[in-house]
Amino acid sequence: MSTAIEKSKKKTGSRDHWATPQHLFDEWNREFNFTIDVCASKENHKHLRYWTEEDDALAMPWAGETWFCNPPYSQLYDWTYTARLETSDLTSSGVMLVPCSTETRWFHECVLPFAVGIRLLRTRVEFIPSVEYVIKRRAEGKPETSGNMWPSMLVVYGKRLEKTKNLWRFRP
């Protein structure tokens, strides 16, 4: 099922392109056996197969994939909405690394009713900043990293991953 949704009106920021630490991806990949990284760049992809911003994963079919996604935080509704649609056909499943923001519209509309569960992460993820962000911070005379301001969680979508261990479940 391909989902062409209207992209968020928010401007994307330099913090939208921070990378997942490789050791965390590797740990989750051993557990979930990802087939693609659906939200990556040439610089920060974690899987050998990946889609970039130019590929426009929000408009591509995810059928048959077990995907990993660390979406831009300025477009969380768009990405969680697409994930819920793309896993509704039962051929796709995946894991999304997102901020633990349970008060948000995207969480209540796209995660709670559709995800098979969530996993709260014990520590904050130390994302790897993009080169553009580092250059900008240096030019401003500021530290290159300011840390992750939010706790994170894994959102697990798709019938094939229902038996995943250590998830908080939303329905029996």
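Above this text sits the structure in question.
Residues numbered from 1 in each chain as written. Predicted model: local features only at pLDDT ≥ 70, side-chain atom pairs only at ≥ 80, totals over all residues. Heavy atoms only, no water.

Here's the deal with the side chain of R84
Item 1. Relative to the helices and strands, R84 resides in helix α2 (residues 76-86).
Item 2. For R84, which is buried and forms no salt bridge, the nearest opposite charge comes from E109, at a distance of 6.1 Å. (Helix = DSSP H or I, 4+ residues; strand = E, 2+ residues; numbered from the N terminus. Buried < 20%, exposed > 50% of the residue type's maximum accessible area, 1.4 Å probe, protein only. Lys, Arg positive; Asp, Glu negative; His and termini not counted. Salt bridge = Lys/Arg side-chain N within 4 Å of Asp/Glu carboxyl O.)

As for the packing of aromatic side chains
Item 1. Enumeration according to the criterion identifies 12 aromatic pairs in this entry.
Item 2. Taking the centre distance of 6.3 Å and the plane angle of 80° together, the rings of W106 and F107 count as edge-to-face.
Item 3. Take F107: its relative accessible area is 4%, and that puts it in the buried class. (Phe/Tyr/Trp six-rings, centres within 6.5 Å; stacked < 30°, edge-to-face > 60°.)

Remarks on helix α1 (residues 22-32)
Item 1. Inspection of α1 places L24, F25, W28 and F32 among the buried residues, and these make up the whole buried set. Seen from one end, α1 has its buried residues packed into an arc of 95°, which puts them on one side. Turned more than 90 degrees away from the buried face of α1 sit H23 and R30, all of them exposed.
Item 2. Just past α1, the residue N33 takes up positive phi, approximately 55°. (Arc of directions from axis to C-beta.)

A closer look at the pairing of strand β3 (residues 93-99)
Item 1. Within β3, 7 of the 7 residues are buried, leaving the element largely enclosed by the surrounding structure.
Item 2. At this point the chain moves from strand β2 (residues 66-69), through α2, to the parallel β3, and the crossover so formed is right-handed.
Item 3. Two elements, β3 and strand β5 (residues 152-157), share 6 bridges in a ladder whose sense is antiparallel. The residue bridging P99 from the neighbouring strand is S152, located in β5. (Right-handed = clockwise from strand over helix to strand, strands pointing away. Pairing = 2+ DSSP bridges.)

Side note on unusual backbone geometry
Item 1. In the Ramachandran plot, N33 falls in the positive-phi region, its phi being about 55° despite a non-glycine side chain.
Item 2. Checked against the element boundaries, N33 lands in the loop between α1 and β1 (36-37).

A few points about the sheet that holds β2
Item 1. Across the sheet, 5 strands lie side by side as β1-β2-β3-β5-β4; this open sheet has mixed pairing. Among the strands making up the open sheet, the edge pair consists of β1 and β4 (117-120).
Item 2. Pairing analysis gives 4 bridges linking β2 to β3, with the strands arranged parallel. Across the sheet, C69 pairs through a bridge with M96, a residue of β3.
Item 3. Across the sheet, α1 touches β2, β3, β4 and β5, and the angle it forms with β2 is around 160°.
Item 4. Sitting on the sheet, α2 is in contact with β2, β3 and β5, with an inclination near 160° to β3. (Contact = heavy atoms within 4.5 Å. Axes fitted to C-alpha atoms, helices over the stretch in contact; angles between N-to-C directions.)

Here's the deal with the nonpolar core
Item 1. If you look at the biggest cluster of nonpolar residues, it comprises 23 residues, and the most contacted ones within it are V38, W67, W79 and V155.
Item 2. Within the residue set of this core, elements represented by two or more residues are β2, α2, β3, α3 (105-111) and β5.
Item 3. Per element, the largest residue contribution to this core is 4 residues, and it comes from α3. (Core = buried A, V, L, I, M, F, W, Y, C linked by side-chain atoms within 4.5 Å.)

A few points about the pattern of salt bridges
Item 1. Counted by the stated rule, this structure contains 4 salt bridges.
Item 2. Two residues, R119 and E31, come together in a salt bridge whose shortest N-O distance is 2.8 Å. Separated by 88 residues along the polypeptide, R119 in strand β4 and E31 in helix α1 bring together distant segments of the chain.
Item 3. On the accessibility criterion, E31 (38% relative accessible area) is partly exposed.
Item 4. We note a salt bridge from E65 to R49, for which the minimum N-O separation is 2.9 Å. In this pair, E65 is assigned in the loop between β1 and β2 and R49 in the loop between β1 and β2, connecting sequence segments 16 residues apart.

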